[in-house]
Amino acid sequence: MGRDKALLPLPDGRLLWQRQWEILLSLSPNQCLISGYFREGFPKESVVADPQPGLGPLAGVAAALGAVDAPFLLVLAVDMPAMTAEFLSCLLGVGSGVVPCRGGWFEPLAAVYPKAALPIAEACLKTSDRSLQTFVRRLLEAGLVNVIDIPPEKDHLFANWNKAS
């Protein structure tokens, strides 16, 4: 994309990260974290830096899993501007680790992971395959997450901003 997606402006004047932050806070979490590096305006005490930058989104998930106090971590990518609190609340309502799936493709950046997924995330980071798809498959094999199929009418929730317009 060539730009920091977190800092992309929305039509209402908020930045993309602020929208996602507000959605997460609306769910009344015990703890809310931002994975990655600190940017101006971020709540400093909530930023969890990747221990080794440049390893992709799995490193951010691992860092957040290591920092979260709760038994489960709800993950929401910054670049999913159509995601809703209602959908995320449904994921949390499953009461276990859960990863949405669309057309055979996992949606691991709008998912709930158990804290027990941390060793698998760390093991994946030590390999050359740091794909979130591989991570989720390993969690499934370990019985740590369930998969829910997303109906086509909910596909729009997973649209992301990966290209500059």
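Remember, predicted model here, so these are calculated numbers, not experimental data. (Residues numbered from 1 in each chain as written. Predicted model: local features only at pLDDT ≥ 70, side-chain atom pairs only at ≥ 80, totals over all residues. Heavy atoms only, no water.)

Engineer: Would you explain the overall build of the chain in this entry?
Structural biologist: Counting its regular elements, the chain contains 5 helices and 7 strands. Order of helices (α) and strands (β) in the chain, N terminus to C terminus: α-β-β-α-β-α-β-β-β-α-α-β. What you see for the chain is a C-alpha radius of gyration of 15 Å, in line with the 15 Å of a compact globule of 165 residues. Taking the principal axes of its C-alpha atoms as reference, the chain extends roughly 45 × 40 × 30 Å. A total of 165 residues make up the chain; the buried ones form 42% of that total. Expressed as a percentage of contacts within the chain between residues at least 6 apart in sequence, the contacts between residues at least 24 apart total 63%. Approximately 8,700 Å² of the chain is accessible, and the part contributed by carbon and sulfur atoms is 55%. (Helix = DSSP H or I, 4+ residues; strand = E, 2+ residues; numbered from the N terminus. Rg over C-alpha atoms; globule rule 2.2 N^0.38 Å. Buried < 20%, exposed > 50% of the residue type's maximum accessible area, 1.4 Å probe, protein only. Contact = heavy atoms within 4.5 Å. Areas by Shrake-Rupley, 256 points an atom, 1.4 Å probe, with all protein chains shown as cover.)

Engineer: What's the story with the packing of helix α4 (residues 118-125) against helix α5 (residues 132-141) in this structure? I'm lost.
Structural biologist: To describe two helices that pack against each other, one gives the angle between their axes and the distance between the axes. Contact pair α4 / α5: the axes reach a minimum separation of 10 Å and the direction vectors enclose 140°. Put simply, α4 runs oblique to α5. Every pair of crossing elements has a handedness; the one defined by α4 and α5 is right-handed. Between α4, through I120, A121, A123 and C124, and α5, the contact on the second element is made entirely by F135, R138 and L139. The class makeup of the residues in the contact of α4 with α5 is 6 nonpolar, no polar and 1 charged. (Axes fitted to C-alpha atoms, helices over the stretch in contact; angles between N-to-C directions. Parallel < 35°, antiparallel > 145°, perpendicular 65-115°, else oblique. Left-handed = near helix turned anticlockwise from the far one by under 90°. Nonpolar A, V, L, I, M, F, W, Y, C, P; charged D, E, K, R; others polar.)

Engineer: Sorry if this is basic, but what is going on with the nonpolar core here?
Structural biologist: L58, V61, L65, V99, Y113, F135 and L139 are the most contacted members of the largest nonpolar core, which totals 26 residues. Those elements that provide at least two residues to this core are α2 (57-67), β3 (72-76), β4 (98-102), β6 (110-114), α4 and α5. In terms of residue count, the dominant contributor to this core is α2 (6 residues). Once residues lying within four places of it in the same chain are set aside, the contact partners of L139 are Y113, A117, I120, L144 and V145. (Core = buried A, V, L, I, M, F, W, Y, C linked by side-chain atoms within 4.5 Å.)

Engineer: Got a minute to help me understand unusual backbone geometry in this structure?
Structural biologist: A negative phi angle characterises most non-glycine residues, just as the trans form characterises most peptide bonds. Positive phi values are uncommon outside glycine, yet S28 reaches one of about 55°. Among the structural elements, S28 can be located in the loop between α1 (16-26) and β1 (34-35).

Engineer: In this structure, what is going on with α4? I would like to understand it.
Structural biologist: One turn of the α-helix equals 3.6 residues, which is why residues spaced by three or four share an orientation. Looking at α4, one finds that the buried residues are L118, I120, A121, C124 and L125. Along the axis of α4, the buried positions cluster into a sector of 165°, meaning they face one direction only. Looking at the packing, one finds that the buried side of α4 touches α2, β6 and α5. (Arc of directions from axis to C-beta.)

Engineer: What is the right way to look at α2 in this model?
Structural biologist: Most of α2 is tucked away, with 8 of its 11 residues classed as buried. Among the residues of α2, those classed as buried are L58, A59, G60, V61, A62, A63, A64 and L65. The inward-facing, buried residues of α2 contact β1, β2 (47-48), β3, β6, α4 and α5.

Engineer: Any chance you could explain the side chain of S46 here in plain terms?
Structural biologist: Counting through the fold element by element, S46 comes out in the loop between β1 and β2. Under the relative-accessibility criterion, S46 is labelled buried at 9%. Discounting residues that sit within four places of it in the chain, S46 has contacts with W21, C32, L33 and I34.

Engineer: Any chance you could explain the pairing of β4 here in plain terms?
Structural biologist: In summary, the side chains of a regular strand alternate between the two faces of the sheet. A large share of β4 lies buried, amounting to 4 of its 5 residues. By the bridge criterion, 4 bridges tie β4 to strand β7 (residues 146-149) in an arrangement that is parallel. In the sheet register, C101 faces β7, and the bridge partner there is D149. Direction of pairing for β4 relative to strand β5 (residues 105-106): antiparallel, over a ladder of 2 bridges. (Pairing = 2+ DSSP bridges.)

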